Amino acid sequence: MKTADIYLYNRILNKHEGFNMWMAFPGPESFALSSLGFLWMFKNIDEREDVNIEAVYSDTAVTRFNPTELGLIGYSFSLDTDFLTIFSMLEKYNIPLKTVERGEEFPLIFAGGPVVSANPEPYADFFDFFIIGDGEDINSQIVDICKNNSDKSKIERLKLINELDGVYVPSFERKVVKKLTKRLEECIYTPIISERAFFKNTFILEVARGCANRCGFCLASYLNLPLRFMPYEDVITAIELGLLNTNKIALLGAQLSAHPQFDKICEHIYQKVENGAEIEMSVSSLRVDAITPDILKTLVATGQKHITLAIEAGSERLRKVINKNLEENQIMNAVEVAVNAGLKGFKFYGMIGLPTETQADIDEMLALAKRIKDKFKGFNISFGISTFVPKPNTPFQWCGREETKLLEEKSAYLKKEMHKLGIEVSVSSAKWDYWQAVLSRGDKSLGDFLVEVYKKGGKLGAFKSSAKKFNIDTDYFALENYSYDAQLPWDFIDIRPGKEFLIKENERLIKDSV
């Protein structure tokens with residue numbers, strides 16, 4: 001962090017306390033400075049007088065502290081392949097990758113974030129402990145334990161940390177770990193505004209957390225239940241704070257437009273623009289059936305020309321299977337409202353390879369695209385398509401992926417047919433998504449495999465050859481349909497609404513549709 005950045009909290013400089021820690025981000029500084037969760041965790045510790053915290057990124061050239069001067073290192077773990085960058089950073093600072101190889105001279109190293117909250121087991125060899133769920137509050141408790149017991153051995157400190165709710169210590173006998181769910185009593189917003197951020201000089205504000213729609217594949221929904229909203233008054237106060245320091249704001253939330261006062265929030269911003277304020281506002285993707293003229297009026301007035309909408313599947317049948325209860329007339333109505341409001345285009349997010357999908361569902365996505373293009377000439381539409389990846393703690397966690405070759409054939413077909421329609425489409429790599437599924441549903445047996453993948457460069461060939469070397473049946477993790485009574489690596493994590501509910505939801509969505 002540099003002095004040119006704008007700090008929206010009372011930063012304490014020239015601390016003289018002896019407890020030092022790193023908050024580490026497995027990516028470049030620009031990405032970290034646009035990561036709301038990472039920045040808020042950093043800010044909460046940086047406000048303390050008794051802890052020296054340093055932010056470290058994959059491209060950090062020089063650090064203030066050496067690893068042997070640290071009592072703690074915390075990693076943000078948001079993407080399945082973040083382990084590659086984490087390993088690289090550990091090696092950069094001469095820290096052994098595995099916990100069993102790190103003596104008392106090294107700090108305790110932990111991770112938090114959606115990947116390890118859902119299933120930490122593939123990474124159990126590399127971290128002393130994991131935070132499961134919302135970590136805003138427990139981070140400070142962990143710092144207290146490590147600071148107040150710095151004269152004790154690692155194992156003694158880990159025993160104290162293990163007593164906390166929401167913590168998993170892989171080296172101890174496994175216990176049920178309850179996922180931490182924070183009551184949103186304060187607005188979470190960008191505490192540091194920076195020109196060097198990926199989203200330059202942008203004030204990001206969390207308006208809602210969680211999603212009540214509960215799409216069958218969606219980890220972001222199930223991991224963050226229940227749906228929680230920031231109070232309207234607090235949102236407005238935070239927006240005003242942001243606008244004192246920048247004219248760029250971004251509203252964040254998986255179900256943003258479901259906020260009971262979202263129209264009022266938009267109206268507040270719109271009135272400021274009408275009164276002469278130059279504001280650039282962006283939003284995370286909106287739900288199709290929640291788009292209103294007032295919302296889009298505000299987006300257009302604040303410079304938005306395109307927005308993203310998640311429809312997930314082309315046919316109404318398949319949307320019902322995944323619990324995306326969205327009818328075509330609602331999609332067409334959303335486009336019409338957008339055209340009338342002055343937007344230039346939509347980007348639709350979708351998936352292929354979803355459970356029960358048929359060729360007819362793929363063709364229906366093409367037909368929908370054609371109907372939109374034919375009816376709303378001049379309105380730009382594009383599609384971003386990914387392949388289905390089964391995620392832990394969702395109703396589709398028991399569902400395997402389709403074979404990579406079949407998914408690549410579907411991908412090629414979509415690209416060819418969309419091209420004929422003059423519609424831009426991007427499709428994620430089915431090969432990479434396969435390995436994402438392996439990591440997503442993997443277990444402790446993957447430890448040496450992950451090290452080998454890293455040592456071989458982390459490309460697709462490295463994954464394949466490393467699996468062969470250690471004789472790992474990766475198809476089991478990626479393609480297999482699991483039975484309901486199968487013991488899953490993440491079963492020890494207590495995440496509401498619970499496994500029995502997920503089974504019933506899987507039966508309701510998939511079995512009832514067949």
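Look above for the structure.
First things first, this report covers the structure right here in the doc. Predicted model only: the values in this text are computed from it and were never measured. In this numbering scheme, every chain counts its residues from 1 along its sequence in written order. Local features in this predicted model are restricted to residues whose pLDDT is 70 or higher, and side-chain atom pairs enter the listing and the counts only when it is 80 or higher, whereas totals over whole chains, interfaces and linings include all residues. The basis for the side-chain values is all heavy atoms of the structure; hydrogens and waters are excluded.

1. Thoughts on the overall build of the protein
Applied cut-off: The helix count covers DSSP runs of H or I at least four residues long, the strand count covers runs of E at least two residues long, and both are numbered beginning at the N terminus. Our radius of gyration looks at C-alpha atoms and nothing else; its globule reference is 2.2 Å times the residue count to the power 0.38. Throughout, exposure labels follow a simple rule: accessible area from a 1.4 Å probe, protein chains only, divided by the maximum for the residue type, with under 20% read as buried, over 50% as exposed, and the rest as partly exposed.
Broken down by element type, the protein carries 19 helices and 19 strands. Computed over C-alpha atoms, the radius of gyration of the protein comes to 24 Å, within 12% of the 24 Å expected from 2.2 N^0.38 for 514 residues, which places it in the range of a compact globule. Across its three principal axes, the protein shows a C-alpha extent of roughly 70 × 60 × 40 Å. Counting only residues that meet the buried cut, the protein has 57% of its 514 residues in that class.

2. Observations regarding a nonpolar patch on the surface
Applicable threshold: Patch membership requires over 30% relative accessible area and the absence of a salt bridge. Like charges are linked within 9 Å, and nonpolar side chains (Val, Leu, Ile, Met, Phe, Trp, Tyr) within 5 Å. Per-residue and other accessible areas were derived by the Shrake-Rupley procedure at a 1.4 Å probe size, with only the shown protein chains allowed to occlude residues. When a carboxyl oxygen of Asp or Glu lies within 4 Å of a side-chain nitrogen of Lys or Arg, that pair is called a salt bridge.
Taken together, the side chains of Phe-31, Phe-198 and Phe-199 make up a nonpolar region of the molecular surface, amounting to roughly 330 Å² of accessible area. Locating Phe-199 in the fold gives a position in the loop between strand 9 (192–193) and strand 10 (202–206). Judged by its relative accessible area of 46%, Phe-199 is partly exposed.

3. Focus: the sheet that holds strand 7 (residues 167–168)
Just so we agree on the cut-off: By definition, two strands form a pair when at least two bridges between them are found by DSSP. Should any heavy atoms of two residues lie within 4.5 Å, those residues are considered in contact. Whenever a helix is involved, its axis is fitted only over the stretch in contact; in every case the axis is a line through C-alpha atoms, and angles between N-to-C directions fall within 0 to 180 degrees.
The strand order across the open sheet built from 6 strands is 3-2-4-5-6-7, with neighbouring strands paired in mixed fashion. A single partner strand is all that each edge strand has here, and the edge strands are strand 3 (52–57) and strand 7. Across 6 bridges, the pairing between strand 2 (residues 20–25) and strand 3 is parallel. Directly across from Asn-20, in strand 3, lies its bridge partner Asn-52. Strand contacts of helix 3 (residues 82–92): strand 2, strand 3, strand 4 (72–76) and strand 5 (108–112), with the helix running at about 150° to strand 4, the strand carrying the most contacts. The strands touched by helix 5 (residues 138–148) are strand 2, strand 4, strand 5, strand 6 (129–131) and strand 7; relative to strand 6, the strand with the most contacts, the crossing angle is about 150°.

4. Quick notes on the packing of aromatic side chains
This is how it is decided: Any Phe, Tyr or Trp ring, taking Trp's six-membered ring, that has another such ring centre within 6.5 Å forms a pair; planes under 30 degrees apart are called stacked, those over 60 apart edge-to-face, and the others tilted. Charge-over-ring contacts are defined here by two conditions on Lys NZ or Arg CZ: a distance within 6 Å of the ring centre and an angle within 35 degrees of the ring normal.
Scanning the entire structure with this criterion turns up 32 aromatic pairs. Between Phe-77 and Tyr-123, the aromatic rings sit 4.7 Å apart at their centres with planes inclined by 55°, giving tilted as the arrangement. Here Tyr-123 lies in the loop between helix 4 (114–118) and strand 6 and Phe-77 lies in the loop between strand 4 and helix 3, a separation of 46 residues in the sequence. Side by side, Phe-77 and Tyr-123 carry an identical accessibility label, which is buried. Directly above the aromatic system of Tyr-232 lies the positively charged group of Lys-264, at a separation of 4.3 Å from the ring centroid. Lying across the ring of Tyr-482, Arg-441 places its NZ or CZ 3.9 Å from the centre.

5. Things to note about the environment of Val-273
Here Val-273 is to be found in helix 9 (residues 262–274). Val-273 sits in the buried class, given a relative accessible area of 18%. C-alpha of Val-273 to C-alpha of Thr-302: the two residues are 29 residues apart in sequence and 7.4 Å apart in space. Residue contacts for Val-273: discarding those within four places in its chain leaves Ile-279, Ala-301 and Thr-302.

6. Focus: unusual backbone geometry
Glycine aside, the phi torsion of most residues is negative, and most peptide linkages are trans. With an omega of 0°, the peptide bond running from Leu-225 to Pro-226 counts as cis. Inspection of the secondary structure puts Pro-226 in the loop between helix 7 (219–223) and strand 12 (228–229). Positioned with a positive phi, Thr-356 is a non-glycine residue whose angle comes to about 75°. With respect to the helices, strands and loops of the structure, Thr-356 is situated in the loop between strand 16 (345–352) and helix 13 (359–375). The exposure class of Thr-356 is partly exposed, given its relative accessible area of 26%.

7. Some points on the packing of helix 10 (residues 293–301) against helix 12 (residues 328–341)
The cut-off we apply is this: Oblique is the label for any angle not covered by the other classes, which are roughly parallel (under 35 degrees), roughly antiparallel (over 145) and roughly perpendicular (65 to 115). Should the near helix be turned anticlockwise from the far one by less than a right angle, the crossing is left-handed, and should it be turned clockwise, the crossing is right-handed. Note on residue classes: Ala, Val, Leu, Ile, Met, Phe, Trp, Tyr, Cys and Pro are nonpolar, Asp, Glu, Lys and Arg are charged, and everything else, Gly too, is polar.
One way to put it is that helix 10 packs onto helix 12 with a least axis distance of 9 Å and a crossing angle of 45°. When the axis of helix 10 is compared with that of helix 12, the two are oblique. In this structure, helix 10 crosses over helix 12, and the sense of that crossing is right-handed. Touching Pro-293, Leu-296, Lys-297 and Val-300 of helix 10 are Val-337, Ala-338 and Ala-341, all from helix 12. Split into classes, the residues belonging to the contact of helix 10 with helix 12 amount to 6 nonpolar, no polar and 1 charged.

8. Let's talk about helix 14 (residues 404–421)
The condition that has to hold: Each helix should span, by expectation, one fewer than its residue count multiplied by 1.5 Å. The directions from the helix axis to the C-beta atoms are what the arc is built from.
Over its 18 residues, helix 14 extends 26 Å from the first C-alpha to the last, a length consistent with the 26 Å expected when each residue adds 1.5 Å. Taken as a whole, helix 14 has its buried residues at Thr-404, Leu-407, Lys-410, Ser-411, Leu-414, Glu-417 and Met-418. The arc that holds every buried residue of helix 14, seen down its axis, measures 160°, which confines them to one face. Away from its buried face, by an angle of more than 90 degrees, helix 14 presents the exposed residues Lys-405, His-419 and Lys-420. On its buried face, helix 14 is in contact with strand 16, helix 13, strand 17 (380–387), strand 18 (424–427) and helix 15 (430–440). Where helix 14 terminates, the next one or two residues include Gly-422, which has phi positive at roughly 75°.

9. Considering the pattern of salt bridges
All chains considered together, the criterion is met by 34 salt bridges. A salt bridge links Glu-121 to Arg-174, with the nearest nitrogen and oxygen atoms 2.9 Å apart. One end of the pair, Glu-121, is in the loop between helix 4 and strand 6; the other, Arg-174, is in the loop between strand 7 and strand 8 (177–178), and 53 residues separate them in sequence. Since its relative accessible area comes to 5%, Glu-121 is described here as buried. A salt bridge links Glu-328 to Arg-371; its shortest N-O distance comes to 2.8 Å. In this pair, Glu-328 sits in helix 12 while Arg-371 sits in helix 13, placing the two residues 43 residues apart along the sequence. Overall, Glu-328 belongs to the buried group, its relative accessible area being 17%. Through salt bridges with shared partners, a single network forms among Asp-134, Glu-136, Glu-206, Arg-209 and Arg-228.

10. Quick look at the nonpolar core
Defined as follows: We call a set of buried residues a nonpolar core when its members are Ala, Val, Leu, Ile, Met, Phe, Trp, Tyr or Cys and they connect through side-chain atoms within 4.5 Å of each other.
Counting residues in each nonpolar core, the largest one holds 69 residues, and the members touching the most others are Leu-205, Leu-251, Phe-346, Phe-348 and Phe-383. Look past the residues within four positions of Leu-205 in its chain and what remains in contact with it is Cys-187, Ile-188, Tyr-189, Val-235, Ala-238, Ile-239, Ala-250, Leu-251 and Leu-252. Core analysis: the second largest hydrophobic core is formed by 63 residues, Val-56, Leu-90, Phe-127 and Leu-450 among them.

11. Concerning the sheet that holds strand 13 (residues 248–252)
Taken in spatial order, the 3 strands of this open sheet run 10-13-14, and their pairing is parallel. On the outer flanks of this sheet lie strand 10 and strand 14 (280–283), each paired with one strand and no other. Shown here is a sheet whose adjacent strand axes are inclined to one another by a mean of 20°, direction ignored. Sheet topology places strand 13 next to strand 14; 4 bridges connect them, and they run parallel. For Lys-248, the partnering residue across the bridge sits in strand 14 and is Glu-280.

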